[in-house]
Amino acid sequence: MSTPMSTLRPTPSSTPATPPAPIWAEEFSSPLTWGRRWVGDTTSAYEYGNHNPNDNKLDWLDPSAVSVADGVATFTARPGSHTLRNGRRAWTTGLLTTEGSQEGFQVTTGDHIETRVQLPTGQGAWPALWTWKDGDGEIDSFEYHPDNPNLLELSNHVGGGGTYYTDANLIKPGGWVTVGTTYGEESVDWYVGGVKVFSDDTGVGVDWSAYLILNLSVCAGRYHPAPSGSTPITFAVDYLRVYRAADPFVTLDGPAEGSTP
């Protein structure tokens, strides 16, 4: 996942209308059933399936690194026993992808996705919600690094475009924030805290589709600091919802930003 090209603090637009029910949702209300909806031990986005050191990651995927309790999924990264192809010690961590699952769910042009997450505090944390298919198709709803505590990276690697979005009130280590993305044919639009904050005016085209990836990577230190010790790193997710409609929208107002869901 590469770095967006520009930096922007957009003027928020008005909140769109209330949407219909999602066509697909993960509320994390029960333990994960691996294989049916999610795969957690491999992804084609990683060069070696379960690890990807050439993308500046210490990750070694392990489904046990994702746990569900009280309606929240918690991703936990910690030093592991595996050695990466580049000789560095790996961190076991969690990834959820719809690729290879029995449902095989994909988002398509025009869909809107929304998630509510608790941003991590630990140095080296690299959480993201993104898409992937056949070596391409990447749209980053967000990427986050605690060393840039008030910034989300928003990127369209399909049509090109993206931004750094900063907001000291909504985006901060340990805080809860809602992030949404509309995969428009001519423009990908991003929402933070229920407000549209950026449109790339390039879009994904008419026939785009891709699998979902929600994960906690661990930085290897090239662009952002690697972990300085062995303290586990955590990242929490309240829900993930997909809507299918002609116009961009966001969901009903949830808990106040920065509060516990």
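A count of helices and strands for the chain gives 0 helices and 18 strands. For the chain, the residues scored as buried account for 54% of the 261 residues in total. Here the chain has roughly 10,700 Å² of accessible surface; of this, 46% comes from carbon and sulfur atoms.

A few words now on the side chain of Ser-187. Take Ser-187: it is sitting in the loop between β14 (176-183) and β15 (188-192). In terms of polar contacts, Ser-187 uses its side chain to reach the side chain of Asp-189, at 3.1 Å. Those residues in contact with Ser-187 that lie beyond four places of it in its chain are Thr-182, Ser-199, Asp-200, Asp-201, Thr-202 and Gly-203.

Right, let's talk about the confidence of the model for the chain for a bit. Considering every residue of the chain, the mean pLDDT works out to 90; 87% of them sit at 70 or more. Across residues 247-261, where pLDDT falls below 50, the model places 46 contacts with residues more than four positions away in sequence or in other chains.

For the coordinates displayed, the defined rule picks out 7 aromatic pairs. On the basis of an interplanar angle of 10 degrees and a centroid distance of 4.7 Å, the ring pair of Trp-24 and Phe-105 is categorised as stacked. Of this pair, Trp-24 sits in strand β2 (residues 24-26) while Phe-105 sits in the loop between β7 (95-97) and β8 (106-108), and the two are 81 residues apart along the sequence. Judged by its relative accessible area of 6%, Trp-24 is buried. According to the relative accessible area criterion, Phe-105 is buried, its value standing at 13%.

Pairing between side chains becomes possible if they bear opposite charge and their charged atoms approach one another. Summed over all chains, the structure comprises 6 salt bridges. Between Glu-103 and Arg-36 there is a salt bridge, with the nearest N and O atoms lying 3.0 Å from each other. Taken together, the residues span a long stretch of sequence, with Glu-103 in the loop between β7 and β8 and Arg-36 in the loop between β2 and β3 (59-61) at a distance of 67 residues. Judged by its relative accessible area of 33%, Glu-103 is partly exposed. One network of salt bridges, with partners in common, ties together Glu-26, Arg-36, Arg-37 and Glu-103.

Attention now goes to the pairing of strand β5 (residues 72-83). Note that strand β4 (residues 66-69) and β5 share 4 bridges and pair antiparallel. Along β5, the bridge assignment pairs Ala-69 with Val-72. Bridge analysis of β5 against strand β18 (residues 233-244) gives 5 bridges, and the strand direction is antiparallel. Bridge assignment links Ala-77 to a residue of β18, and that residue is Ile-233. Pairing geometry for β5 and strand β6 (residues 89-93), over 3 bridges, is antiparallel. Looking across to β6, one finds that Thr-83 is bridged to Arg-89. Taking the residues between adjacent antiparallel strands as the criterion, β5 and β6 are bridged by 5 residues, where Gly-87 takes a positive phi near 90 degrees.

The next thing to look at is the side chain of Asn-56. With respect to the helices, strands and loops of the structure, Asn-56 is situated in the loop between β2 and β3. By relative accessible area, Asn-56 is classed as buried at 5%. Contacts of Asn-56, omitting those with residues within four sequence positions, involve Trp-126, Val-218, Cys-219, Ala-220, Gly-221, Arg-222 and Tyr-223.

Right, let's get into unusual backbone geometry. Backbone geometry places Phe-28, a non-glycine residue, at a positive phi of 55 degrees. Residue Asn-56 is not a glycine yet carries a positive backbone phi of 65 degrees.

Before going further, it helps to examine the environment of Trp-132. Looking at the element boundaries, Trp-132 is found in strand β10 (residues 125-132). Residue classification places Trp-132 among the buried positions, given a relative accessible area of 14%. Trp-132 sits 89 residues away from Thr-43 along the chain, and the two C-alpha atoms are 9.2 Å apart. With residues up to four places along the chain from it excluded, the contact list for Trp-132 reads Ser-44, Ala-45, Gly-137, Glu-138, Ala-210, Tyr-211 and Ile-213. Within the local environment of Trp-132, its side chain forms a polar contact with the side chain of Ser-44, the two groups lying 3.3 Å apart.

What follows deals with the nonpolar core. Core analysis: the largest hydrophobic core is formed by 50 residues, its most contacted members being Phe-75, Phe-142 and Leu-212. Discounting chain neighbours no more than four positions away, the residues touching Phe-142 are Thr-115, Val-117, Leu-119, Pro-127, Ala-128, Leu-129, Leu-152, Glu-153, Leu-154, Val-179 and Phe-235. Counting residues in each nonpolar core, the second largest holds 8 residues, with Ala-45, Tyr-46, Leu-61 and Ile-213 among its members.

Definitions and limits used
- Residues numbered from 1 in each chain as written.
- Predicted model: local features only at pLDDT ≥ 70, side-chain atom pairs only at ≥ 80, totals over all residues.
- Heavy atoms only, no water.
- Helix = DSSP H or I, 4+ residues; strand = E, 2+ residues; numbered from the N terminus.
- Buried < 20%, exposed > 50% of the residue type's maximum accessible area, 1.4 Å probe, protein only.
- Areas by Shrake-Rupley, 256 points an atom, 1.4 Å probe, with all protein chains shown as cover.
- Polar contact = N/O pair within 3.5 Å; in protein donor to acceptor, adjacent residues only side chain to side chain.
- Contact = heavy atoms within 4.5 Å.
- pLDDT = per-residue confidence, 0-100.
- Phe/Tyr/Trp six-rings, centres within 6.5 Å; stacked < 30°, edge-to-face > 60°.
- Salt bridge = Lys/Arg side-chain N within 4 Å of Asp/Glu carboxyl O.
- Pairing = 2+ DSSP bridges.
- Core = buried A, V, L, I, M, F, W, Y, C linked by side-chain atoms within 4.5 Å.

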